[in-house]
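Below are the chains, spelled out letter by letter.
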Amino acid sequence: MSSTFSLPAKPPFGENGGKFFYQKYNVRGTGAKAAAIPQRSGMLSFPQVLKSDISHHIHEIVEKQSNLDNLANQDACRKPEFHPVFLEEAYESCRMICSEYAKTFYLGTKLMTEERKKAIWAIYVWCRRTDELVDGPNAVFMSSTVLDMWEERLQDIFHGCPYDKLDAALTDTVFKFPVDIKPFRDMIEGMRMDARKCRYENFQELYLYCYRVAGTVGLMSVPVMGIAPESSSSAQCVYNAALNLGIGNQLTNILRDVGEDALRGRVYLPQDELEQFGLYDNDVFAGKVTYKWREFMKAQIKRARFYFNLAEEGASQLDKASRWPVWSALMLYRKILDAIEDNGYDNFTKRAYVGKTKKILMLPQAYARAQLGSGLIIPSNILQLCKTPRSFRNQFLVQK
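Remember, it's a predicted structure, so these values are computed and weren't measured experimentally.

## Here we look at the packing of aromatic side chains
Across all of its chains, the model carries 16 aromatic pairs by this definition. Ring geometry for Phe 306 versus Tyr 307: centroids 5.5 Å apart, planes at 75°, classification edge-to-face. The class of Phe 306 is buried, set by a relative accessible area of 10%. Relative accessible area serves as the criterion here: at 0%, Tyr 307 is assigned to the buried category. In this structure an aromatic cluster arises from ring pairing among Trp 126, Trp 150, Phe 158 and Phe 184. Between Lys 197 and the ring centre of Tyr 200, over which it is positioned, the NZ or CZ distance is 5.2 Å.

What follows is the structure in structure tokens.
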């Protein structure tokens, strides 16, 4: 299934016709929490949570990425020197990919500082290329060996030895910002899960998968986006919120793509929860929207919204210039859940999506939330921008 950024199957990008990861010789130079499993049919318990086994692992990532001095001292001797023109071309390639395949998110990055938005583009591109290993057109060639080589290549990126221009942009990023390699490795491990596993017995198993393929994106991004100097929240709280946004996004991807995944023999829904609603794999493969299915989907959508609610506070604690893309993503994915409901919970034959007009109307709202923070009422004169998206777009979105 499409993971991480909800990516469509597109031709891979990179050098050598997209085969850059197949040859060994090409490689060069929280408290995290999961929603409780329902105890009886039709019920999900909120806000009760189960502590995830990976919370200590995530805490170590946060501690390391928050310690700027240690990271700077550790990497200073390995910092690569790139020709400015080459580096500019590398980031421009990342910008073009991001603008093509993640339009809403890309537009949200345009208020960020120059260095930050370039870094976010570089991280996005690496995540997309990683996702393409399992979900892209060349996925037929995917194997554990491919992922092993990709992980070696990641190590080279962090050691200052990128293979191509796109890798070079990420190399420059990780030497400018306190980004740890662990979330990147965890994402690759998520691809390994996708390659060998097509069923998840319970939500704890599914949560681990969601963390690896999507929650990691939040951990990668916070050091680049920055925490607001005036924030009263701890770094751990902000990272937890970023992680929760990733979990909510991936749960939404799963609910949106049920029908597509079923055609590939994959069921990403917790098996024990399906059973509690009187449903089984055969019901998923049959693709019939029944009363049981609708009730099951209502519970799953409620869980995804729960994670988005947890993400809100942290989104408002980021550096002010970095909040817009986060709020845009949060609001966009919530609208995908709305679309599933509007489709009568038919995610077998109907694709839940947010149309271009709705996206444009959403951007001013996301911008207002980003500027004002959480818990504040948005003035009507700002919300009025939603009725005039063209002027808003002209003001903020057409600048290169």
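## Examining unusual backbone geometry
Positive phi values are uncommon outside glycine, yet Tyr 345 reaches one of about 65°. Among the structural elements, Tyr 345 can be located in the loop between α15 (323-342) and α16 (356-372).

## Focus: the packing of helix α6 (residues 144-158) against helix α8 (residues 182-196)
For the pair α6 and α8, the least separation of the axes is 10 Å and the interaxial angle reads 170°. Taken as axis vectors, α6 and α8 run roughly antiparallel relative to one another. Here α6 contributes Leu 147, Asp 148, Trp 150, Glu 151, Leu 154, Gln 155 and Phe 158 to the contact with α8, which in turn contributes Phe 184, Arg 185, Ile 188, Met 191 and Arg 192. For the contact of α6 with α8, a count of residues per class yields 7 nonpolar, 1 polar and 4 charged.

## Section: the side chain of Asn 249
Mapped onto the secondary structure, Asn 249 falls in helix α10 (residues 235-256). Overall, Asn 249 belongs to the buried group, its relative accessible area being 10%.

## What about the confidence of the model for the chain?
Overall, the predicted model of the chain reaches an average pLDDT of 82, with 77% of residues at or above 70. Contacts from residues 2-42, a stretch scored under 50 in pLDDT, to residues over four places away or in other chains number 146 contacts. Low pLDDT (under 50) marks residues 374-400, which in the prediction has 39 contacts with non-local residues, meaning those over four places away or in another chain.

## Details of the nonpolar core
Counting residues in hydrophobic clusters, the biggest one holds 113 residues, and the most contacted among them are Trp 126, Leu 269 and Trp 293. Looking at this core element by element, the count peaks at 14 residues for helix α9 (residues 203-225). Residue contacts for Trp 126: discarding those within four places in its chain leaves Trp 150, Leu 154, Ile 157, Leu 170, Phe 184, Met 187, Ile 188 and Met 220.

## Quick word on the pattern of salt bridges
Tallied over the entire structure, the rule returns 33 salt bridges. With a closest N to O distance of 3.0 Å, Asp 319 and Arg 116 form a salt bridge. Of this pair, Asp 319 sits in the loop between α14 (291-315) and α15 while Arg 116 is found in helix α5 (residues 114-135), placing the two residues 203 residues apart along the sequence. For the pair formed by Asp 319 and Arg 116, the shared burial category is buried.

## Considering the packing of helix α1 (residues 55-66) against α9
Running from amino to carboxyl end, α1 crosses α9 at an angle of 20°, the nearest separation of the two axes being 10 Å. Judged by the angle between their axes, α1 and α9 are roughly parallel. Like other packed secondary-structure pairs, α1 and α9 cross with a definite hand, here right-handed. Seen from α1, the contacting residues are His 57, Ile 58, Ile 61 and Gln 65; seen from α9, they are Tyr 211, Leu 219 and Pro 223. A per-class count over the contact of α1 with α9 returns 5 nonpolar, 2 polar and no charged.

Cut-off values and rules
- Residues numbered from 1 in each chain as written.
- Predicted model: local features only at pLDDT ≥ 70, side-chain atom pairs only at ≥ 80, totals over all residues.
- Heavy atoms only, no water.
- Phe/Tyr/Trp six-rings, centres within 6.5 Å; stacked < 30°, edge-to-face > 60°.
- Buried < 20%, exposed > 50% of the residue type's maximum accessible area, 1.4 Å probe, protein only.
- Lys NZ or Arg CZ within 6 Å of the ring centre and 35° of its normal.
- Helix = DSSP H or I, 4+ residues; strand = E, 2+ residues; numbered from the N terminus.
- Axes fitted to C-alpha atoms, helices over the stretch in contact; angles between N-to-C directions.
- Parallel < 35°, antiparallel > 145°, perpendicular 65-115°, else oblique.
- Contact = heavy atoms within 4.5 Å.
- Nonpolar A, V, L, I, M, F, W, Y, C, P; charged D, E, K, R; others polar.
- pLDDT = per-residue confidence, 0-100.
- Core = buried A, V, L, I, M, F, W, Y, C linked by side-chain atoms within 4.5 Å.
- Salt bridge = Lys/Arg side-chain N within 4 Å of Asp/Glu carboxyl O.
- Left-handed = near helix turned anticlockwise from the far one by under 90°.

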